[in-house]
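These are the residues of each chain, in order.
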Amino acid sequence: MNSSQKTAPQAGATRHIVVGRSSKVWQHLRQRPELAQHVAHAIGHADLKSFTFTQHDCVWVFSYSREPSENASLLATLGRAGVGEVMYLSSSSTIVNRVTNCYSYPRVKYKAEQLALSLPHAKIITLGLMYQDLAELPAGRNMACSYDELAAFMLRAETGAEAQNRVNLLRAIERPFSSTLERLAYQQYSKLMSMMGSKPCLLRPLDFLFRALGWRWYGYTFLSNRLWSMTIS
């Protein structure tokens, strides 16, 4: 986003800043003209040290690193800068940490989420599986969020200490299976997942097979969807 085309905010006005301009999610959202007007700046992780934040900034954190220390450093920088609000975009997959820590992405994302909550006026925005078209979602039951829904949320989001510190942007969407074989595999995988208890990563050989077949509902995606279904039903 070309920040030079933005007008300076009025004194005391909330300025919306995106951290993580290269993230896949932001790349989808930045095409919307209404968000181009709403977001004053979109910056990368490397810009944090040179960017001047203010107490009136609402910072949307899209950025994520596989290295926990880098996520911690980013959030610490925002804390030291004294920004007015941090909106940390998390993942529905973090729910799997209730039963296992064997999956890397949910584990690292959960740690970052907890660090974000330690900041003043921080809020966690939990996103379901992101999609533009329903056909992009895996077969079966998904806890999902469209890019349109996230864009609308960013435009209307409440700020301030009185707003909720956790928002779940997800809803259940059923998708058809490509074949009877895929449906049977899904059902059997569900039984195996139940048998694995806290060690679902033992099913990784099957996950590689399913990925090769183009079936994308395996692993922590499967477990996350199951746990959310139990939580919100």
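Please read all numbers here as calculations on a predicted model, not as lab measurements.

Undergrad: Kindly report on the packing of aromatic side chains, identifying the contributing residues and their values.
TA: On inspection of all chains with the given rule, the structure shows 16 aromatic pairs. Judged by centre distance (5.1 Å) and plane angle (80°), the ring pair of Y189 and F222 falls under edge-to-face. Of this pair, Y189 sits in helix α6 (residues 180-196) while F222 sits in helix α8 (residues 219-232), placing them 33 residues apart in sequence. The exposure class assigned to F222 is buried, which follows from its relative accessible area of 5%. Clustering of aromatic rings is evident, with ring pairs tying together F177, Y186, Y189, F210, W215, W217 and F222.

Undergrad: Quick rundown of the sheet that holds strand β9 (residues 171-175)? Include the residues and the values.
TA: Judged by pairing direction, the sheet is mixed, and its three strands sit side by side in the order β6-β7-β9 without closing on themselves. In this open sheet, the two edge strands, each paired with only one partner strand, are β6 (129-131) and β9. Across the sheet, the axes of successive neighbouring strands diverge by a mean angle of 60°, strand direction being ignored. Taken together, the three bridges between β6 and strand β7 (residues 140-146) define a ladder with parallel strand orientation. Following the sheet pairing, Y131 is matched in β7 by S146. Helix α5 (residues 147-156) contacts β6, β7 and β9 of the sheet and is inclined by roughly 40° relative to β7. Along the sheet, α8 makes contact with β6 and β7, crossing β7 at roughly 85°.

Undergrad: Describe the packing of α6 against α8, listing the residues and the values that go with them.
TA: Remark: α6 packs on α8, axes separated minimally by 11 Å, with the N-to-C direction vectors making an angle of 80°. Relative to α8, the element α6 is oriented roughly perpendicular. Contacts between α6 and α8 involve Y186, Y189, S190, M193 and S194 from the former and G219, F222, L223 and R226 from the latter. Here the residues of the contact of α6 with α8 sort into five nonpolar, three polar and one charged.

Undergrad: Could you give me a rundown of unusual backbone geometry, with the residues and numbers involved?
TA: A positive phi is found at H121, a non-glycine position, where the angle reads about 55°. Position of H121 relative to the elements: it lies in the loop between α4 (104-117) and β5 (122-127).

Undergrad: Could you give an account of the state of the cysteines, with specific residues and numbers?
TA: Throughout the structure, instances matching the rule amount to one disulfide. Paired through a disulfide, C102 and C201 show a sulfur-sulfur distance of 2.2 Å. Looking down the S-S bond of the C102 and C201 bridge, the torsion is 90°, so its handedness is right-handed. Taken together, the positions of C102 in the loop between β4 (85-91) and α4 and C201 in the loop between α6 and α7 (204-212) put the pair 99 residues apart, joining distant regions of the chain. The cysteine C58 is free of any disulfide, with C145 supplying the nearest cysteine sulfur at 17 Å. Residue class for C58 comes out buried when judged on its relative accessible area of 1%.

Rules of the game
Residues numbered from 1 in each chain as written. Predicted model: local features only at pLDDT ≥ 70, side-chain atom pairs only at ≥ 80, totals over all residues. Heavy atoms only, no water. Phe/Tyr/Trp six-rings, centres within 6.5 Å; stacked < 30°, edge-to-face > 60°. Helix = DSSP H or I, 4+ residues; strand = E, 2+ residues; numbered from the N terminus. Buried < 20%, exposed > 50% of the residue type's maximum accessible area, 1.4 Å probe, protein only. Pairing = 2+ DSSP bridges. Axes fitted to C-alpha atoms, helices over the stretch in contact; angles between N-to-C directions. Contact = heavy atoms within 4.5 Å. Parallel < 35°, antiparallel > 145°, perpendicular 65-115°, else oblique. Nonpolar A, V, L, I, M, F, W, Y, C, P; charged D, E, K, R; others polar. Disulfide = S-S within 2.5 Å.

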